[in-house]
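Residues per chain, in single letters:
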Amino acid sequence: MKKGKIYLVGAGPGDPDLLTLKALNVIKNCDVIIYDALMNPEILKHAPDQVEKIFIGKSRHSERLSQQEVEALMIKKANEGLDVVRLKGGDPFVFGRGGEEAEITIDAGLEWEVVPGISSGVAVPAYAGIPLTHRDCASYVTFITGHESTEDSKVEWEKIRSAYHTLVIFMGITKLPDTVSKLLRGDFLPETPIAIIESGTTSKQNVRVSVLGSITADIEKTPVKTPALVVIGEVVKYREKLGK
Ligand SMILES: C[S@@+](CC[C@H](N)C(=O)[O-])C[C@H]1O[C@@H](n2cnc3c(N)ncnc32)[C@H](O)[C@@H]1O
């Protein structure tokens, strides 16, 4: 029996108009879509009625399918001869476990393809009026996960240089006070600008601007609504002029 193909597809950061034409094409022509909470459900309207749509649940929620269960489901459907779209927020290969899912698919001897999406790491700051680079103050950008547990963190926050540098932190809210104190123990000054962008690119977008020295008190007073992206560096200042 002919086996199906697995497409690892980026749904973009939230604004449904930021879906790529290639993603639209595979969504229209697949048999099954497996999706999670981070992508905008509006996108599912592009799929014909007969396409099976499987929601795997909210992240870190007890009713969510485990990563192993999701992978097993993808493989099962493809082995039944169905073309499967694994639809993920942003880009599947940027903090999206797309690499792991591709490996599993290859190990199962199935055909696969990645369809890159517009990552929230790029689009969310842009919609907030924050350019990630600028010739005057930011020559490099680092995308970092803020999610790792403190004990086994691979990120050496204290060693990060601040000059001409923009940091973009995904999944960074829970550990933000710890992250900020490590940056301040290292090379960063308390005056360094920081933005927290909640639900970026959507109608619920909310941008909070502060400085490293005050942000922990700020978020204690007004808790952050997730999903949220953190941007640290001088580029945050351009929001004053470029933000809408
Ligand atoms: C598991 S990562 C997935 C990233 C995704 N693969 C990407 O390329 O955008 C989830 C994190 O992305 C960020 N994120 C995703 N969508 C967002 C949005 N619309 N607004 C703000 N942050 C967002 C948040 O930091 C969230 O915790």
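Structure first, text after, so check above.
Residues numbered from 1 in each chain as written. Predicted model: local features only at pLDDT ≥ 70, side-chain atom pairs only at ≥ 80, totals over all residues. Heavy atoms only, no water.

A. View of the sheet that holds strand 7 (residues 165-170). On the basis of which strands lie adjacent, the open sheet formed by 5 strands has the order 6-7-10-8-9 and mixed pairing. The two strands at the open ends of the sheet, each matched to only one other strand, are strand 6 (140-145) and strand 9 (206-211). Taking the axes of each pair of neighbouring strands and ignoring which way they run, one obtains an average angle of 20 degrees across the sheet. In the sheet, strand 8 (residues 193-198) pairs with strand 9 via 6 bridges, with the strands oriented antiparallel. Each residue of the ladder has a partner; that of Glu198, found in strand 9, is Asn206. Its contacts with the sheet place helix 4 (residues 120-127) against strand 6, strand 7, strand 8 and strand 10 (228-232), and it is angled at close to 75 degrees to strand 10. (Pairing = 2+ DSSP bridges. Helix = DSSP H or I, 4+ residues; strand = E, 2+ residues; numbered from the N terminus. Axes fitted to C-alpha atoms, helices over the stretch in contact; angles between N-to-C directions. Contact = heavy atoms within 4.5 Å.)

B. The site of the ligand, seen in detail. Surrounding the ligand, one finds 18 residues, the nearest of these being Val94, Ser119, Ser120, Gly200 and Ala228. Ser119 places a side-chain nitrogen or oxygen 2.8 Å from an oxygen atom of the ligand. A distance of 2.7 Å separates an oxygen atom of the ligand from a polar backbone atom of Ala228. Within the complex, the protein chains bury 88% of what would otherwise be the 570 Å² of accessible surface of the ligand. Looking at the shell around the ligand residue by residue, the classes come out as 11 nonpolar, 6 polar and 1 charged. Taken domain by domain, the makeup of the shell around the ligand includes at least three residues from each of domain 1 (5-118) and domain 2 (121-242). (Near = heavy atom within 4 Å. Polar contact = N/O pair within 3.5 Å; in protein donor to acceptor, adjacent residues only side chain to side chain. Areas by Shrake-Rupley, 256 points an atom, 1.4 Å probe, with all protein chains shown as cover. Nonpolar A, V, L, I, M, F, W, Y, C, P; charged D, E, K, R; others polar. Domains from an automatic or database assignment.)

C. Fine view of the packing of aromatic side chains. Enumeration over the complete set of coordinates arrives at 3 aromatic pairs. Ring centres of Phe95 and Phe170 lie 4.9 Å apart, and the angle between their planes is 55 degrees; on these two criteria the pair is classed as tilted. Of this pair, Phe95 sits in the loop between strand 4 (84-88) and helix 3 (98-107) while Phe170 is found in strand 7, placing the two residues 75 residues apart along the sequence. Judged by relative accessible area, Phe95 falls into the partly exposed class, the value being 38%. With 5.9 Å between their ring centres and 70 degrees between their planes, Phe143 and Phe170 make a pair best called edge-to-face. A residue pair is termed long-range when its members are at least 10 positions apart, and Phe143 in strand 6 and Phe170 in strand 7 qualify at 27 residues. (Phe/Tyr/Trp six-rings, centres within 6.5 Å; stacked < 30°, edge-to-face > 60°. Buried < 20%, exposed > 50% of the residue type's maximum accessible area, 1.4 Å probe, protein only.)

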